[in-house]
Each structure stands twice: as C-alpha cells, then as structure tokens.
Amino acid sequence: MNPLISFIGGGNMARALASGLLRNNHPANRLCVSDPNIEAREQFAALGVCVLSDNDQAVTDADIIVLAVKPQSLAAVAGGLASSLRPEQLVISIAAGVRIDTLRRWLGGHGRIVRAMPNTPALVQAGATGLYAPDEVSEDERALAESLLRAVGVCVWVSSEALLDSVTALSGSGPAYAFLVMEAMQAAGEKLGLDTATARLLTLETLFGAARLALESNEEPATLRARVTSPGGTTERGIAALEQAGLVAAFEHALEAARARAEELATLMDQA
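Given the structure is predicted, the values throughout are model-derived calculations rather than measurements.

What to know about the overall build of the chain
Reasoning step 1: Along its length, the chain carries 12 helices and 8 strands.
Reasoning step 2: Considered along the principal axes of its C-alpha atoms, the chain spans approximately 70 × 40 × 35 Å.
Reasoning step 3: Put simply, the chain has 272 residues, and 39% of those count as buried.
Reasoning step 4: Within the chain, contacts between residues separated by at least 24 positions form 64% of all contacts whose residues are at least 6 apart in sequence.
Reasoning step 5: Counting only carbon and sulfur atoms, one obtains 56% of the accessible surface of the chain, whose full area is about 14900 Å².

Spelled out as structure tokens, the structure:
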C-alpha cells in the first residue's frame, strides 16, 4: 500500500511535491495537508487531497510527515507535534538551515528524520534536491524519502549533514545565480541593439538549450564549451573577456559566501 503522507504547511514547495506525487499515481486519499490558512487548504482541496487545520490530526495516521513550514516557524510547529509522533514515523524536513540535532530536540527526541534541500525549479518538476539522513534512518526509509522528492526532480544523497550547506550554496541558491546571468545576458543583448522581447527569448532559449545539451551528453561542460569555441572566433573572444573579468572566481566567491551564510543560519536556529 502507498504510504500515507502528511504535509505540515501548505506552501509552494508542499504543493509542488503533492502535485508531483499525484502525477506519479500516488493516490489522493493517501495525501494530507495541514495549514491554518484557508486559501492554502482550498488549493490543496482542489487537488483532491485531504485538508486539515489541525497538525496533530494530520500526523495521527501518517507514515511520512513532511515539515514544509518556514524555518522561523519550525520550532513552534515541531514542538507542538512532539507529543503526537510515534517512533516509527518518518519525518522529512525541507526547512533550510535547521540541523537534525536541532529538529530532534524540538521533536522531543524523535530519531527518524531526513533533511531535504530542494530548490525552486521543483515547482515545474525540474528540481534538484540534496538529501541527508542519520544512522537511525533505514535503507527502506531512505528509499521512501527519495521516492517522494524524485516526484519533482533529481535527488542526490550527501555523506554528511555539513555538505547540505554546500548543496544549499550550489543548487539551493543556484536558480538565483542563473536568473542573474539571464538578466545580464538580456541587458547586454539590448545594449547591442536587440529589442527586449528578442533579447529575452534568445537568452532563455540559449540557456535552456545549453542545459539540455549538457544533460543529454556524456561529456563534461568544459568539453562542450571547447567544441563551440573555434580558435580566433567570436566565442573565443567572448570567453576570454569573461575570464578576464573574473567570472570563475566570482562564482567561487558566491558559493563560499552562500555556504558560510547557511552555516551561520543553522547555528542561529540551533540557539532558538
């Protein structure tokens, strides 16, 4: 039988996961969402899933509980659930920056916890999620967690919880870096005389096509780049300008800064 999955919090990511599960033929009657906001509940009710306003009621019979509330709300929500959890229930947290030890403390010592770091392309089923679980979580439970997150994209497991901060810096924040590159390319195209609509379309389709080409190829991005960089050509000149401007170093600094901030936020949450 399909597991009964209860989402605590009915925001965008929970809706993306529920929609992905339904597309993968998970029965609607095996999904439940609890949220105090009536509009959020109405959106989930339109999907045919169970909706509740009481978190304790939502977790009573659940096999998997997905904590999908904002990190700043998680302490209160988790504390409220602590007395309702059963030891065999699997808890999956998609709240950024809340370590498992912190969450375990808030949940009254509950041990079966998986941390997941999805990113916003999950909203269009093109997400990338990092996963980590402590030793208390079995292989079967890890498989359950992975199958849930795979409903909205690809999943990778990391060997230590600290590496989730690196995942956050790369794929969690990564869509914003990509959007910034899009902004820059479109603006540069407009400065070269293209109208806004044309510059936008060419930018988005170029980046989408490049990403798809890389995904469908067995070769490294560096090899693909070299293949389209003819000696003495326009691309070589453009790449040289980007390298001279320090593009590679800028991305290294960006990811280092994002990872450091993820570590800082996790420490702050631990003190809550």
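Some points on the sheet that holds strand 7 (residues 127–132)
Reasoning step 1: Read from one edge of the open sheet, 8 strands run 3-2-1-4-5-6-7-8, paired in mixed fashion. The open sheet has two free edges, formed respectively by strand 3 (50–52) and strand 8 (153–157), since each of these has just one partner strand. Each strand of the sheet is rotated relative to its neighbour by a mean of 25°, with strand direction disregarded.
Reasoning step 2: As paired strands, strand 2 (residues 31–34) and strand 3 are joined by 3 bridges and run parallel to one another. Counted as the bridge partner of Val-33 is Val-51 from strand 3.

Topic: the layout of surface pockets
Reasoning step 1: Counted as a void, the largest pocket has a volume near 2300 Å³.
Reasoning step 2: Along the walls of the largest pocket sit 47 residues, with Ala-178, Val-181, Leu-207, Ala-210 and Ala-211 positioned nearest its centre.
Reasoning step 3: Broken down by class, the residue content of the lining of the largest pocket amounts to 33 nonpolar, 10 polar and 4 charged.
Reasoning step 4: Lining the second largest pocket are 29 residues, with Met-13, Ala-68, Val-69, Lys-70 and Pro-71 positioned closest to its centre.
Reasoning step 5: Elements that contribute at least two residues to the lining of the second largest pocket include exactly helix 1 (12–23), helix 4 (71–81) and helix 7 (163–172).
Reasoning step 6: When residues in the lining of the second largest pocket are grouped by element, the largest group, 4 residues, is from helix 4.
Reasoning step 7: Here the residues of the lining of the second largest pocket sort into 14 nonpolar, 13 polar and 2 charged.

Regarding the environment of Asp-63
Reasoning step 1: Take Asp-63: it is sitting in the loop between helix 3 (55–59) and strand 4 (64–67).
Reasoning step 2: Each C-alpha atom of the pair Asp-63 and Ser-73 lies 23 Å from the other, and the pair is 10 residues apart in sequence.
Reasoning step 3: For Asp-63, the side chain forms a polar contact with the main-chain nitrogen of Leu-4, separated by 2.7 Å.

Topic: the side chain of Thr-168
Reasoning step 1: You can see Thr-168 is positioned in helix 7.
Reasoning step 2: Looking at Thr-168, the relative accessible area reads 16%, which means it is buried.
Reasoning step 3: In contact with Thr-168, not counting residues within four places along its chain, are Met-117, Ser-173 and Ala-262.

Brief notes about the nonpolar core
Reasoning step 1: Ranked by internal contacts, the top residues of the largest apolar core, which has 30 residues, are Phe-7, Val-66, Ile-92 and Leu-148.
Reasoning step 2: Counting only elements with at least two residues in this core, the list comes to strand 1 (5–8), helix 1, strand 2, strand 4, strand 5 (90–93), strand 6 (113–117) and helix 6 (139–149).
Reasoning step 3: Element by element, the count of residues in this core is highest for helix 1, at 6 residues.
Reasoning step 4: Those residues in contact with Phe-7 that lie beyond four places of it in its chain are Ala-14, Leu-17, Ala-18, Leu-21, Leu-31, Cys-32, Val-33, Ser-34 and Val-66.
Reasoning step 5: Core analysis: the next-biggest nonpolar cluster, separate from the first, contains 28 residues, Leu-85, Ala-95, Leu-103 and Trp-106 among them.

Overview of the pairing of strand 2
Reasoning step 1: Neither face of strand 2 is left uncovered, since the one carrying Leu-31 and Val-33 and the one carrying Cys-32 and Ser-34 both have all their residues buried.
Reasoning step 2: Pairing analysis gives 4 bridges linking strand 1 to strand 2, with the strands arranged parallel. Each bridged residue has a counterpart across the sheet, and for Ile-5 the counterpart in strand 2 is Leu-31.
Reasoning step 3: In terms of handedness, the path from strand 1 via helix 1 over to strand 2 forms a crossover that is right-handed.
Reasoning step 4: A crossover connection joins strand 2 to the parallel strand 3 through helix 2 (residues 38–45); in handedness this β-α-β unit is right-handed.

Examining the packing of helix 7 against helix 8 (residues 174–191)
Reasoning step 1: Two elements in contact, helix 7 and helix 8, have axes separated by 5 Å at closest approach and are oriented at 30°. One way to sum up the angle between helix 7 and helix 8 is to call them roughly parallel. Of the residues in helix 8, those in contact with Ala-169, Leu-170, Ser-171 and Gly-172 of helix 7 are Gly-174, Pro-175 and Tyr-177.
Reasoning step 2: Taken together, the residues that form the contact of helix 7 with helix 8 break down as 4 nonpolar, 3 polar and no charged.

Cut-offs applied
- Residues numbered from 1 in each chain as written.
- Predicted model: local features only at pLDDT ≥ 70, side-chain atom pairs only at ≥ 80, totals over all residues.
- Heavy atoms only, no water.
- Helix = DSSP H or I, 4+ residues; strand = E, 2+ residues; numbered from the N terminus.
- Buried < 20%, exposed > 50% of the residue type's maximum accessible area, 1.4 Å probe, protein only.
- Contact = heavy atoms within 4.5 Å.
- Areas by Shrake-Rupley, 256 points an atom, 1.4 Å probe, with all protein chains shown as cover.
- Pairing = 2+ DSSP bridges.
- Axes fitted to C-alpha atoms, helices over the stretch in contact; angles between N-to-C directions.
- 1 Å grid on protein atoms, 1.4 Å probe; cavity = no way out; pocket = protein on both sides within 12 Å on 5 of 7 lines; lining within 4 Å.
- Points joined across faces, edges and corners; volume = space filled by probe spheres on them.
- Nonpolar A, V, L, I, M, F, W, Y, C, P; charged D, E, K, R; others polar.
- Polar contact = N/O pair within 3.5 Å; in protein donor to acceptor, adjacent residues only side chain to side chain.
- Core = buried A, V, L, I, M, F, W, Y, C linked by side-chain atoms within 4.5 Å.
- Right-handed = clockwise from strand over helix to strand, strands pointing away.
- Parallel < 35°, antiparallel > 145°, perpendicular 65-115°, else oblique.

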